[in-house]
Amino acid sequence: MSQLSISGYGDDLSVNGVRIGDLTPKQHEDIELSKGGQNYSPLEDVVVSKVKDSSTLLARKPHPEDVNRYIETELLDGLCCYSAVNQGQLNQTIVDAVVRHLQEEKLPTVPRSIRHKYMSAFLLAATSITGMDKVVPKVAGVESWELSFKIGRRWGSKIKKIPEDKCLMIGATGNFHGRSLAAVSMSDDIDSRDGFGPFVPGIELVPYNDIEALQNLFENKGERIACFMVEPIQGEAGVIVPDDDYLPKVSQLCKNHNILLAVDEVQTGFGRTGANFAHQLSDIQPDIMGCGKAAGGGILPVSFVAGRKDVIDVLTPGSEGSTFGGYPLASVVGTYAIKVLVEEHLADNARTQGNYLMSNLDEIMNEFPDKIKETRGKGLLTAFEMHNEPRLDGHAVSLGLLQHGVYAKETHHTTVRLAPALTINKNQIDTLSEAIRTVIKDL
Ligand SMILES: Cc1ncc(COP(=O)(O)O)c(C=O)c1O
């Protein structure tokens, strides 16, 4: 084995003599190309280095002529890690809780085969904020969806008595639930499926926001259907907001046919849309829901499934588990992520600043109707869609925004999503809006 040396922190962090503070964006890219998987294509020529404040990132490059100097650029974070940092970068309350518990409370790392005291805090907080009877902790967002899928199937088998080889799970077209094999089996996105078959059987899709199609499907195959799995707003699809009466009708149909309603709140939860959870905007009560992303306050991956007692209770010892799901540090972070959601009134701020951002986006659309076709969103989950023309390229807009100090990213060729931290203020929304106006004007 070759010698390996690792030392230092931050810019001084060095591996085998390579000090990361000395690397140019091109050198970072070369390392990623030669030593990493090519499953992402990050924005070119920018490397994020640290946090300036809850909505601002600092990107750094070494100075081309002086190794002791850097060129530093501020970037307003318009994406906040795909809604994982709703509480703002390095939220002080969560950071303090982490440091305090690691350093003073001597937080242990133990698995679920022995109880630890922090699990109780997390379960009390998570059932309270969701209004659900029971919660099962997981780690990544996709795992909360995957567990909802498994619970749906088990409920179908054990409670609804659907023969296992006949059970159907229903999803919506355009969905995004993550990258596990079951999640891509439910996806209709060609890139995420290509070459990964054979897929998980027993899955059917209905068009999103089409209640008649769902009704027909339930009337034809309802006996075999265990669960309908749906995002309250489709984030990855480009912030697709369904009709106001869609979810209430879905909920009623599910009740009529004894089919579970599972909502995926991984992206829409934790205040993002102006309510703690987006389904609450429609005043419905799902049977089960998956949360992730901001459930970990942007500090740790934390996810969970919350649901009704009789649904969660289909799980039995040995049927499900996760080494790091709800381990002490995740339980502390998860509990404090909820505390911040409530005490910093994140949903209220999302509603106020989201309305302001949407009015700014509408103004820009009215100024450039030949470029912007539509604006969409709820709270601070927003997007604008451009007309489908080669010059109106979402990636070019993302690069243009970077030049004007804003980090945002296209979801599709013509759509740019804006989902800043829920701690953002009016001045920062103005900065974001002005950058968009300038970039759109120059297209
Ligand atoms: C609605 C939804 N579900 C699940 C996921 C997967 O979460 P993760 O990437 O943390 O696994 C995402 C990620 O964007 C999402 O938007």
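Residues numbered from 1 in each chain as written. Predicted model: local features only at pLDDT ≥ 70, side-chain atom pairs only at ≥ 80, totals over all residues.

Some details on the sheet that holds strand E1 (residues 6-7)
One open sheet accounts for three strands, arranged E1-E2-E3; its pairing is antiparallel. The sheet is open, and its two borders are formed by E1 and strand E3 (18-19), each paired with just one other strand. By the bridge criterion, two bridges tie strand E2 (residues 14-15) to E3 in an arrangement that is antiparallel. Bridge assignment links Ser14 to a residue of E3, and that residue is Arg19. (Pairing = 2+ DSSP bridges. Helix = DSSP H or I, 4+ residues; strand = E, 2+ residues; numbered from the N terminus.)

Digging into the domain arrangement of the chain
It is common to give the size of an interface as the accessible area that goes away when the parts come together. For the chain, the domain assignment lists domain 1 (6-77), domain 2 (92-343) and domain 3 (346-442). Measuring from the centre of the C-alpha atoms in domain 1 to the corresponding centre in domain 2 gives 34 Å. (Domains from an automatic or database assignment.)

A few points about unusual backbone geometry
Pro198 follows Gly197 through a cis peptide bond whose omega is 0 degrees. A positive phi angle, close to 40 degrees, is found at Cys80, a residue other than glycine. Looking at where Cys80 falls in the secondary structure, it is placed in helix H2 (residues 80-83). Positive phi is not limited to glycine here, since Cys81 has a value of about 50 degrees. Within the element layout of this structure, Cys81 appears in helix H2. With 14 C-beta atoms counted inside 10 Å, the residue Cys81 sits in the partly exposed group. (Buried ≥ 20, exposed ≤ 12 C-beta atoms within 10 Å, placed from the backbone.)

Focus on the nonpolar core
Membership of the largest hydrophobic core comes to 111 residues, with the highest contact counts inside it found for Ala226, Phe228, Leu260, Val333, Ala337 and Val406. Excluding residues within four positions of it along the chain, Val406 makes contact with Leu75, Leu76, Gly78, Leu401, Leu432 and Ala435. (Core = buried A, V, L, I, M, F, W, Y, C linked by C-beta atoms within 7 Å. Contact = placed C-beta atoms within 7 Å.)

Section: the environment of Cys80
C-beta crowding within 10 Å serves as the criterion here: with 28 such atoms nearby, Cys80 is assigned to the buried category. Placed 83 residues apart in sequence, Cys80 and Pro163 show a C-alpha to C-alpha distance of 43 Å. Not counting the four nearest positions on each side in its chain, Cys80 is found in contact with Val85, Asn86, Ala419, Pro420 and Ala421.

Brief notes about helix H4 (residues 118-130)
Along an α-helix, a turn takes 3.6 residues, which lines up residues three or four apart on a common side. Along its 13 residues, H4 runs 18 Å from first to last C-alpha, staying within 8% of the 18 Å computed at 1.5 Å per residue. Taken from the residues just after H4, Gly131 is the one with a positive phi, measuring 70 degrees. (Expected span 1.5 Å × (residues − 1).)

Details of the pairing of strand E4 (residues 48-53)
Regular strands place their side chains on alternate faces of the sheet. With four bridges joining them, E4 and strand E5 (residues 56-62) adopt antiparallel strand pairing. Paired with Val51 across the strands is Leu57, a residue of E5. Linkage of E4 to E5, two consecutive antiparallel strands, is achieved through a turn of two residues.

Comments concerning the site of the ligand
Around the ligand lies a shell of 15 residues, among which Gly141, Val142, Gly178, Val266 and Gln267 are the nearest. Among the elements that make up the shell around the ligand, the one with the highest residue count is helix H5 (residues 141-158) (three residues). In terms of residue class, the shell around the ligand is made up of six nonpolar, six polar and three charged. (Near = placed C-beta within 6 Å. Nonpolar A, V, L, I, M, F, W, Y, C, P; charged D, E, K, R; others polar.)

What to know about the packing of H4 against helix H11 (residues 328-343)
Taken N-terminus to C-terminus, the directions of H4 and H11 make an angle of 35 degrees; their axes are 8 Å apart at the nearest point. H4 and H11 meet at a crossing whose hand is left-handed. Contacts between H4 and H11 involve Tyr118, Met119, Ala121, Phe122, Ala125, Ala126 and Ile129 from the former and Pro328, Ser331, Val332, Gly334, Thr335, Ile338 and Leu341 from the latter. Class assignment of the residues belonging to the contact of H4 with H11 gives a composition of eleven nonpolar, three polar and no charged. (Axes fitted to C-alpha atoms, helices over the stretch in contact; angles between N-to-C directions. Left-handed = near helix turned anticlockwise from the far one by under 90°.)

A closer look at the sheet that holds strand E15 (residues 381-386)
Hydrogen bonding along the main chain pairs the strands of a sheet, whether they run parallel or antiparallel. One open sheet accounts for four strands, arranged E14-E15-E18-E17; its pairing is antiparallel. In the strand order of this sheet, the two ends are held by strand E14 (372-378) and strand E17 (409-412), each with one partner. Across this sheet, the average inter-strand angle for adjacent strands is 30 degrees, counted without regard to direction. Note: E15 against strand E18 (residues 415-418), four bridges, orientation antiparallel. Within E18, the position partnered with Ala383 by the bridge is Arg417. Packing against the sheet, helix H13 (residues 394-403) makes contact with E17 and E18, and its axis sits at approximately 170 degrees to E17.

Section: the pairing of strand E13 (residues 303-307)
Taking burial as the measure, the five residues of E13 include five buried ones, the bulk of the element. Side chains Ser303, Val305 and Gly307 of E13 all project onto a buried face; the interleaved residues Phe304 and Ala306 project onto the opposite face, where all are buried too. Here strand E7 (residues 134-138) pairs with E13 via five bridges, running antiparallel. Bridge pairing in E13 places Lys134 opposite Gly307. Alignment of strand E12 (residues 288-291) against E13, held across four bridges, turns out to be antiparallel.

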